[in-house]
Amino acid sequence: EQVHVTEMLDEVADRFSFQLRQRSIAIQIIIGDNTSPIWLDRDKIDQVLDNLVSNAIKYTGDGGQIRIMAERLPNDMLEIKIQDTGIGIPKKDLSRIFERFYRVDKARSRNMGGTGLGLSIAREIIKAHGGAIAIDSEFNVGTTVSFTLPYMEEGSGTNHDGKS
Ligand code: ATP
Ligand code: MG
């Protein structure tokens, strides 16, 4: 289906508004004015966004900040970034973070729930859409996950699911 980027990102933030308020985490959404509507599988991309925002909340202390940024790149990809001011990920773990069941350390994840599948599922979904996902993080400073999605004509390319 054809999706308005602003609307999709506002709705992600809305789904987490209770948790965000409870944890005093501020969320900011910044949309480039060149982001026109995009064809994508909304349910799947929502699944990706929900995982990334829930990670950002889980691994950010009370009073932290989350930013969701979107812009259309010169190569006709939509880039969405989710940035947090959380505990970060040590460099040595970064290369493995998209593996199934990989979690950074037991001590920090013990109370958090979850299985370590979120990021690997996100990567599968983004790949199936013809995009890419990457993570950058600095321990004790924060984490940014960015992914891209191609702009394409209705019904063309890899994201045609027959019901769009
Ligand atoms: P699930 O998503 O299945 O509920 P999970 O959140 O632990 O469980 P992933 O989303 O795959 O699993 O993330 C894998 C690991 O990467 C996490 O356990 C955590 O250690 C680390 N991680 C992911 N996102 C962040 C983040 N924003 N800040 C710090 N660490 C993160
Ligand atoms: Mg997760």
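It should be emphasised that the depicted structure is a prediction, and the values quoted were computed from it without experimental measurement.

From N to C terminus, the protein includes six helices and seven strands. Overall, the protein shows an N-to-C arrangement of helices and strands of β-α-α-β-β-α-β-β-α-α-α-β-β. Here the protein, with 164 residues, has 27% of them falling under the buried criterion.

Close to ligand 1 lie 22 residues, the nearest being Tyr59, Val104, Gly114, Gly118 and Leu119. Where the shell around ligand 1 is concerned, the elements lending two or more residues are α3 (42-58) and α6 (118-128). Residues that form the shell around ligand 1 fall into these classes: nine nonpolar, eleven polar and two charged.

This part takes up the pairing of strand β7 (residues 142-150). Of the strand pairs in this sheet, strand β5 (residues 77-84) and β7 are connected by eight bridges, and their pairing is antiparallel. Residue lysine 81 lies in a different strand from β7, and its bridge partner there is serine 146. Taken together, the six bridges between strand β6 (residues 133-138) and β7 define a ladder with antiparallel strand orientation. Its bridge partner lying in β7, serine 137 is registered against threonine 143. Linking β6 to β7, which pair antiparallel, is a turn of three residues; within it asparagine 140 sits at a positive phi near 65°.

Turning our eyes to something else, we now look at the pairing of strand β4 (residues 65-72). Sheet topology places strand β2 (residues 26-31) next to β4; six bridges connect them, and they run parallel. The residue of β4 that forms the bridge with isoleucine 30 is methionine 69. Here seven bridges tie β4 to β5, and the two strands are oriented antiparallel to one another. Its bridge partner lying in β5, arginine 67 is registered against glutamine 83.

Between the first and last C-alpha of α3 there are 24 Å, a value that for 17 residues agrees with the 24 Å anticipated at 1.5 Å per step. Along α3, the residues that are buried comprise Ile45, Val48, Leu49, Asn51, Leu52, Val53, Asn55 and Ala56. Elements that come into contact with the buried residues of α3 comprise α1 (5-15), β4, β5, α6 and β7.

The next point concerns the sheet that holds β7. Taken together, the five strands give an open sheet; going across it, the order is β2-β4-β5-β7-β6, and neighbouring strands pair in mixed fashion. Strand pairing shows two members of the sheet lacking a second neighbour, β2 and β6, which therefore form its edges. Here the average twist between neighbouring strands, direction ignored, is 10°.

Here the focus is α6. Of the positions making up α6, those classed as buried are Leu119, Ala122, Arg123 and Ile126. The arc that holds the buried residues of α6, viewed along the axis, is 100°, so those residues lie on one side. Considering only its buried residues, α6 is in contact with α3, β6 and β7. Glycine 130 lies just past α6 and shows a positive phi near 85°.

Along the chain, phenylalanine 98 falls in the loop between α4 (91-94) and α5 (106-109). Counting along the chain gives 24 residues from phenylalanine 98 to alanine 122, while the straight-line C-alpha distance between them is 8.5 Å. Once you skip the residues sitting within four places of it in the chain, phenylalanine 98 turns out to touch Leu119, Ser120 and Arg123.

Conventions we followed
- Residues numbered from 1 in each chain as written.
- Chains lettered and ligands numbered in written order.
- Predicted model: local features only at pLDDT ≥ 70, side-chain atom pairs only at ≥ 80, totals over all residues.
- Helix = DSSP H or I, 4+ residues; strand = E, 2+ residues; numbered from the N terminus.
- Buried ≥ 20, exposed ≤ 12 C-beta atoms within 10 Å, placed from the backbone.
- Near = placed C-beta within 6 Å.
- Nonpolar A, V, L, I, M, F, W, Y, C, P; charged D, E, K, R; others polar.
- Pairing = 2+ DSSP bridges.
- Expected span 1.5 Å × (residues − 1).
- Contact = placed C-beta atoms within 7 Å.
- Axes fitted to C-alpha atoms, helices over the stretch in contact; angles between N-to-C directions.
- Arc of directions from axis to C-beta.

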